[in-house]
Amino acid sequence: MTTTSEVFPISDLEKSCPNRKAKELFRLWRRAGRDPEANYDAFIPYSPELLLMCKPTKDKPMSNLLFCGRDSMATRIFGEDWARTSGKNPNVFAPDYGEVVGRSQAFSLETLEPVYDFVSSHVGQEPMVYERLLLPVKTVAGLTFLVCYSMPLELPDRVSFGSSDEPQCDESPQKTYCSNPHPAADA
Amino acid sequence: MVEYLEYAGSIFVVGETIDERFAEFSNLVKEFGLSTFVSFVMFKRFGHTELDQLDDADKETLIEECQPLVHEALIQGRNMQ
């Protein structure tokens, strides 16, 4: 099993993405970008579902995670303890996951352009399929970060970690947010 | 007196008292424009974003949870110089 991704035109977000929060976050991002003070405080109410990231490291997926909201997809899958540890545990991901998901992150940070993409990977034997909205933010001091909002399509059951640090999927059902508006990307 | 300590690849703000550390932390947040992202953490941990409502334990928690953010800001700040 490998990880795949597909980048969609950002216009697809407004045309075909059924997720209202994603559309609202994009609208807020556009509005903040026109503010000379670059104030992103409008994101704060959405922060429970957001990730904040810096430049990705290819061989250490999620090591660039600076903040993980308690209702974010990552916390829902891996739990709060995992989300809080700064080192994270890259062993939970497919070997190529960091490289594949890092491409869009790096592109968005370098160009300061938003990215709307689709990611298909796995955790253990379980599929992990989702769409992402990556929004680059630049502070008044010129520092750049990424705000990420993930929209799960198919997730593994809640992952727990044994003493071996190998991921183990629980048997409780996992909900997803929406159906995939880009079925061709599943193929 | 506040110092920056690099340990195990991370940068920490070190000071004798929480007031010193928090003052330095607040300065960094203001200097680097990190207030929105610190508010993310406050909203998660405390359910509000009012810095003046934090007690000493909350301040310690906030500094600890924002350590990756401050570390990244210091690194980017260095690279810009």
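The structure displayed is predicted, hence computed values, not measured ones. (Residues numbered from 1 in each chain as written. Chains lettered and ligands numbered in written order. Predicted model: local features only at pLDDT ≥ 70, side-chain atom pairs only at ≥ 80, totals over all residues. Heavy atoms only, no water.)

## Description of the interface of chain B and chain A
Where interface size is given, it is often the accessible area lost as the parts come together that is meant.
Reasoning step 1: Taken together, the contact pairs 21 residues of chain B with 27 residues of chain A.
Reasoning step 2: Contact with chain A buries surface across chain B, with B:Phe37, B:Phe40 and B:Lys44 losing the most and accounting together for 33% of the total.
Reasoning step 3: Along the contact surface separating chain B from chain A lie two salt bridges.
Reasoning step 4: Measuring nitrogen to oxygen at the nearest pair gives 2.9 Å for the salt bridge that ties A:Glu80 to B:Arg45.
Reasoning step 5: On inspection of chain B and its partner chain A, the count reaches seven residue pairs in polar contact (both at pLDDT 80 or more). (Contact = heavy atoms within 4.5 Å. Buried area = accessible area lost by both parts, 1.4 Å probe. Salt bridge = Lys/Arg side-chain N within 4 Å of Asp/Glu carboxyl O. Polar contact = N/O pair within 3.5 Å; in protein donor to acceptor, adjacent residues only side chain to side chain.)

## Quick notes on the packing of aromatic side chains
Reasoning step 1: Going through the model one piece at a time under the given rule, you end up with 11 aromatic pairs over all chains.
Reasoning step 2: Ring pairing ties together the aromatic residues A:Phe67, A:Phe145, B:Phe37 and B:Phe40, which thus form one cluster. (Phe/Tyr/Trp six-rings, centres within 6.5 Å; stacked < 30°, edge-to-face > 60°.)

## Thoughts on the pairing of strand 5 (residues 126–138) of chain A
Residues and elements named next belong to chain A.
Reasoning step 1: Buried residues dominate strand 5, accounting for 10 of its 13 residues.
Reasoning step 2: Between strand 4 (residues 115–123) and strand 5, which pair antiparallel one after the other, the connecting turn spans two residues, and Gly 124 there sits at a positive phi close to 60°.
Reasoning step 3: As paired strands, strand 5 and strand 6 (residues 144–154) are joined by 10 bridges and run antiparallel to one another. Residue Glu 131 lies in a different strand from strand 6, and its bridge partner there is Met 151.
Reasoning step 4: Counted between consecutive antiparallel strands, the loop separating strand 5 from strand 6 contains five residues, among which Gly 142 sits at a positive phi close to 90°. (Buried < 20%, exposed > 50% of the residue type's maximum accessible area, 1.4 Å probe, protein only. Helix = DSSP H or I, 4+ residues; strand = E, 2+ residues; numbered from the N terminus. Pairing = 2+ DSSP bridges.)

## Thoughts on the packing of helix 1 (residues 18–32) of chain B against helix 3 (residues 56–65) of chain B
All names here are of chain B.
Reasoning step 1: For the pair helix 1 and helix 3, the least separation of the axes is 10 Å and the interaxial angle reads 45°. Here helix 1 is positioned oblique relative to helix 3, judged by the angle of their axes. In this structure, helix 1 meets helix 3 at a crossing whose hand is left-handed. From helix 1, Ile 18, Asp 19, Arg 21, Phe 22 and Phe 25 reach across to helix 3, where they touch Asp 56, Lys 59, Glu 60, Leu 62 and Ile 63.
Reasoning step 2: Split by residue class, the contact of helix 1 with helix 3 holds five nonpolar, no polar and five charged. (Axes fitted to C-alpha atoms, helices over the stretch in contact; angles between N-to-C directions. Parallel < 35°, antiparallel > 145°, perpendicular 65-115°, else oblique. Left-handed = near helix turned anticlockwise from the far one by under 90°. Nonpolar A, V, L, I, M, F, W, Y, C, P; charged D, E, K, R; others polar.)

## Thoughts on the side chain of A:Glu49
Reasoning step 1: Its location among the elements puts A:Glu49 in the loop between helix 2 (20–33) and strand 2 (50–53).
Reasoning step 2: The buried category is assigned to A:Glu49, whose relative accessible area is 15%.

## A closer look at the sheet that holds strand 2 of chain A
Reasoning step 1: Taken in spatial order, the six strands make up an open sheet running 1-4-5-6-2-3 (chain A), and their pairing is antiparallel. Each edge of the sheet is formed by a strand with only one pairing partner; in this case those strands are strand 1 (4–8) and strand 3 (65–68) of chain A. Ignoring strand direction, the axes of neighbouring strands in this sheet form an average angle of 25°.
Reasoning step 2: Where strand 4 of chain A and strand 5 of chain A come together, nine bridges link them in antiparallel fashion. Following the sheet pairing, A:Tyr116 is matched in strand 5 of chain A by A:Leu133.
Reasoning step 3: Packed on one face of the sheet, helix 5 (residues 97–111) of chain A meets strand 1, strand 2, strand 4, strand 5 and strand 6 of chain A and runs near 20° to strand 5 of chain A.
Reasoning step 4: The strands that helix 2 (residues 35–46) of chain B touches are strand 2, strand 3, strand 5 and strand 6 of chain A; relative to strand 3 of chain A, the one it contacts most, it runs at about 40°.

## Topic: the packing of helix 2 of chain B against helix 3 of chain B
To characterise two packed helices, one gives the angle between the axes of the helices and the distance between these axes.
Residue and element names in this part refer to chain B.
Reasoning step 1: At a closest axis distance of 10 Å, the pairing of helix 2 and helix 3 adopts a crossing angle of 130°. Between helix 2 and helix 3, the interaxial angle falls into the category oblique. In this structure, the crossing between helix 2 and helix 3 has a hand that is right-handed. Taken together, the residues of helix 3 that come into contact with helix 2 (itself represented by Val 38, Val 41, Met 42, Arg 45 and Phe 46) are Asp 58, Thr 61, Leu 62 and Glu 65.
Reasoning step 2: Residue composition of the contact of helix 2 with helix 3, by class: five nonpolar, one polar and three charged.

## A few points about the environment of A:Trp82
Reasoning step 1: The topology assignment puts A:Trp82 in helix 4 (residues 80–84).
Reasoning step 2: Remark: the alpha-carbon pair of A:Trp82 and A:Cys68, spanning 14 residues in sequence, is separated by 9.7 Å.

## A look at the nonpolar core
Reasoning step 1: Formed by 51 residues in total, the largest nonpolar core has its most connected members in A:Phe43, A:Leu133, A:Phe145, B:Phe25, B:Leu34, B:Val38 and B:Leu62.
Reasoning step 2: When sequence neighbours within four positions are dropped, the list of residues in contact with B:Leu34 reads A:Thr139, A:Leu143, A:Phe145, B:Leu28, B:Val29, B:Leu69 and B:Ala73.
Reasoning step 3: Grouped together as the second largest cluster of nonpolar side chains are 26 residues, A:Phe93, A:Val119, A:Val123 and A:Cys148 included. (Core = buried A, V, L, I, M, F, W, Y, C linked by side-chain atoms within 4.5 Å.)

No statement about biological role is implied by the geometric values presented.
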